[in-house]
Amino acid sequence: MRQMARRSFVAGAAGVVAGMVSTVPMAGDAFADPPRRTGAPERYGRGHAARRELRGMWVATVANLDWPSKPGLTAAAQQAELTAYLDEAVERRLNTVILQVRPTADALWPSPYEPWAQYLTGVQGKDPGWDPLGTAVREAHSRGLELHAWFNPYRVANHTDPSRLAANHPARLHPDWVLPYGGKLYYNPGIPEVRRFVQDAMLDAVRRYDIDAVHWDDYFYPYPVAGQVFDDDATYAKYGAGFPDKAAWRRGNTDKLVRETAERIKKIKKNVQFGISPFGVWRNAATDPLGSDTRAGVQTYDDLYADTRGWVRKGWIDYICPQVYWNIGFAAADYAKLVPWWSEVVRGTEVDLFVGEALYKAGDPAQPAAWQDPAELSRHIDFAAGYDQVRGHVYFSGKDVVVDRIGGMDRVVADHYRNRARPPR
């Protein structure tokens, strides 16, 4: 998240996050059309129906990043903004919207477990007068779109003051469940009751709505903050028996959350998918020979205690959507190295691979030169088309799809999305 929203991480010495590219090489393009790998289908162009592929966009609600544009709008105005995003997806010939419905241990539906999200009315726990998730599902399906409900399992608040939470917030009722870290509050993943509770809270939406998927992003244990300690020593002392060290115990806790949630989703509704969008680097090859040829400063296995590769190889999830948020040729984490690596991870499994793309970087003057080229994203899509295992792309985030600062999304649509496509199933 970016800052309070989604992804701003460090790879190597430089701050990094990104991903996107082109299909039709043009004069002056920095990268030639890549050779097509064996068996890769011709997906685009006249006379060729596009194969099933996911074309998605994230719509973030935390800190009102995308939607609603600000708290306190009328129910009618909120609904109009939401349906405008869905219409934008249709216009761009996308087929999936991933809507954040549990941003900070709260809810965008009338949940019996958690209060209404503050990003609707400005007051956590205040009824907005309508059902955003129910409306989103109905309106998305009426437009032929899939609606993936995006949940954040452990983040409680983007501050450390429990008194600012709604009076009936579970984090106030169970203060022993919560740890402050890096200026935020988190549920403690090592407590079995916490894992059960966050599952119950998320699965309530699965039971009540015809969502197409449960979607998690990259937050498990929090990203490391220099000079700060995630103080779960007492929890480790109580529950850590049988693990060689705290890191293995933490990974075991995250594994339990993933495996148990996967099992419970299928028991409730077999057709609901379970997908995770992790930070793009599992481990660097210098750390583990199975890792990618990268030099990222964050590794999900070691820093977030999330064995993202393992979840795929064990078949616990239906899809993985790594945030490959770097340009082709980026030294610390090259898009052209990570996409092949992830393709090999999913090879031989039944897990779909979608690539998370950093549309928000396109045209941002703070980003490297590659991101000032409207063709960068389109080149990503063309490069990934050479790998059969890549079954689609997801763009972060919704407002960037709409604003499209330098026309990078326009270029993707013109080069690659000439025809509509159905998501893989």
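Residues numbered from 1 in each chain as written. Predicted model: local features only at pLDDT ≥ 70, side-chain atom pairs only at ≥ 80, totals over all residues. Heavy atoms only, no water.

Asks: Sorry if this is basic, but what is going on with the sheet that holds strand 7 (residues 178-181) here?
Replies: Neighbouring strands of a sheet are bound in pairs by backbone hydrogen bonds; such pairs are parallel or else antiparallel. With antiparallel pairing, three strands are arranged side by side in an open sheet as 6-8-7. Bordering the open sheet on either side are strand 6 (155-157) and strand 7, each of which pairs with just one other strand. The sheet shows a mean angle of 35° between the axes of neighbouring strands, direction not considered. Across two bridges, strand 6 lies against strand 8 (residues 184-187) in antiparallel orientation. Its bridge partner being in strand 8, Arg155 is matched across the sheet by Tyr186. (Pairing = 2+ DSSP bridges. Helix = DSSP H or I, 4+ residues; strand = E, 2+ residues; numbered from the N terminus. Axes fitted to C-alpha atoms, helices over the stretch in contact; angles between N-to-C directions.)

Asks: What should I look at first to understand the side chain of Gln273 in this one?
Replies: Within the fold, Gln273 resides in strand 10 (residues 273-276). Not counting residues up to four positions away in its chain, the partners in contact with Gln273 are His148, Asp212, Ala213, Val214, Lys266, Asp318, Tyr319, Pro424 and Arg425. (Contact = heavy atoms within 4.5 Å.)

Asks: Is there a simple way to explain unusual backbone geometry in this structure?
Replies: Keep in mind that most residues, glycine aside, have a negative phi and that most peptide bonds are trans. Of note, the amide linkage connecting Trp67 to Pro68 takes the cis form, showing an omega dihedral of -20°. With respect to the element layout, Pro68 can be found in the loop between strand 3 (54-59) and helix 1 (75-91). Between Phe396 and the following residue, Ser397, the backbone shows a cis peptide bond with an omega angle of -5°. The residue Ser397 is located in the loop between strand 13 (390-395) and helix 12 (398-403) in this model. Even without being a glycine, Ala105 presents a positive backbone phi close to 50°. Along the chain, Ala105 turns up in the loop between strand 4 (96-102) and helix 2 (118-121). Judged by relative accessible area, Ala105 falls into the buried class, the value being 0%. (Buried < 20%, exposed > 50% of the residue type's maximum accessible area, 1.4 Å probe, protein only.)

Asks: Even after reading the chapter, I still don't get the nonpolar core, so can you show me in this structure?
Replies: The nonpolar side chains of a soluble globular protein tend to be buried, and buried together. Counting residues in hydrophobic clusters, the biggest one holds 118 residues, and the most contacted among them are Tyr187 and Trp216. Of all hydrophobic cores here, the second largest spans seven residues; its members include Leu179, Tyr181, Phe230 and Trp249. (Core = buried A, V, L, I, M, F, W, Y, C linked by side-chain atoms within 4.5 Å.)

Asks: How do you make sense of the environment of Asp303 when you look at a structure like this?
Replies: Along the chain, Asp303 turns up in helix 8 (residues 300-304). In this structure, the C-alpha to C-alpha distance between Asp303 and Ala247, residues 56 residues apart in sequence, is 8.9 Å. Not counting the four nearest positions on each side in its chain, Asp303 is found in contact with Pro222, Pro224, Gly297 and Val298.

Asks: Help me understand the packing of helix 1 against helix 3 (residues 132-142), please; the structure alone is not making it clear to me.
Replies: To describe two helices that pack against each other, one gives the angle between their axes and the distance between the axes. It is the contact of helix 1 with helix 3, at a shortest axis distance of 10 Å, that shows an interaxial angle of 35°. Every pair of crossing elements has a handedness; the one defined by helix 1 and helix 3 is right-handed. Judged by residue contacts, Gln79, Leu82, Thr83 and Leu86 of helix 1 engage Pro132, Thr135, Ala136, Arg138, Glu139 and Ala140 from helix 3. Class assignment of the residues belonging to the contact of helix 1 with helix 3 gives a composition of five nonpolar, three polar and two charged. (Left-handed = near helix turned anticlockwise from the far one by under 90°. Nonpolar A, V, L, I, M, F, W, Y, C, P; charged D, E, K, R; others polar.)

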